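Breakdown of the fold
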Amino acid sequence: MATDIIIHDEKDNVGVVVIDKIAPKQDCACWIMENDKTVQIQSVDEIQLGHKIAMVDLNEGDTILKYGHDIGKVIKSIKKGEHVHVHNVKTKKW
């Protein structure tokens, strides 16, 4: 099965799209690099190559984990399978 999304670390709550785009309601194969596991997720939104998808429901104020590290905070609730980008996440530096 082809990989649609890569998750770097088991702790990550987002994955990265590695195909041209994911369509809404697409069943996606996700590969977790850390332990070579495969999981499935269904997308909510269209998501372009290189953008993030929420692997779990995230609430306002939650921390986004990518590569096992804090990369920002949720500023608008995100449902599992939704696009994670600048419209719903901000860096904690500003």
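Here, every reference points to the structure presented above.
This structure is a prediction, so every number in the text was calculated from the model and none was measured.

Excluding glycine, a negative phi dihedral is what most residues carry, and trans is how most peptide bonds are arranged. The phi torsion at K25 lies on the positive side, around 65 degrees, for a residue other than glycine. Mapped onto the elements, K25 comes out in the loop between strand 3 (21–22) and strand 4 (27–32). Phi at D36 takes a positive value of approximately 60 degrees, unusual for a residue other than glycine. In this fold, D36 is placed in the loop between strand 4 and strand 5 (37–42).

Read across the open sheet, the six strands follow the order 5-4-1-2-7-10; overall the sheet is mixed. Two strands lie at the open edges of the sheet, namely strand 5 and strand 10 (83–84), each paired on one side alone. Direction of pairing for strand 4 relative to strand 5: antiparallel, over a ladder of six bridges. Bridging across to strand 5, I32 finds its partner in K37.

Reading the values: rules and limits
- Residues numbered from 1 in each chain as written.
- Predicted model: local features only at pLDDT ≥ 70, side-chain atom pairs only at ≥ 80, totals over all residues.
- Heavy atoms only, no water.
- Helix = DSSP H or I, 4+ residues; strand = E, 2+ residues; numbered from the N terminus.
- Pairing = 2+ DSSP bridges.

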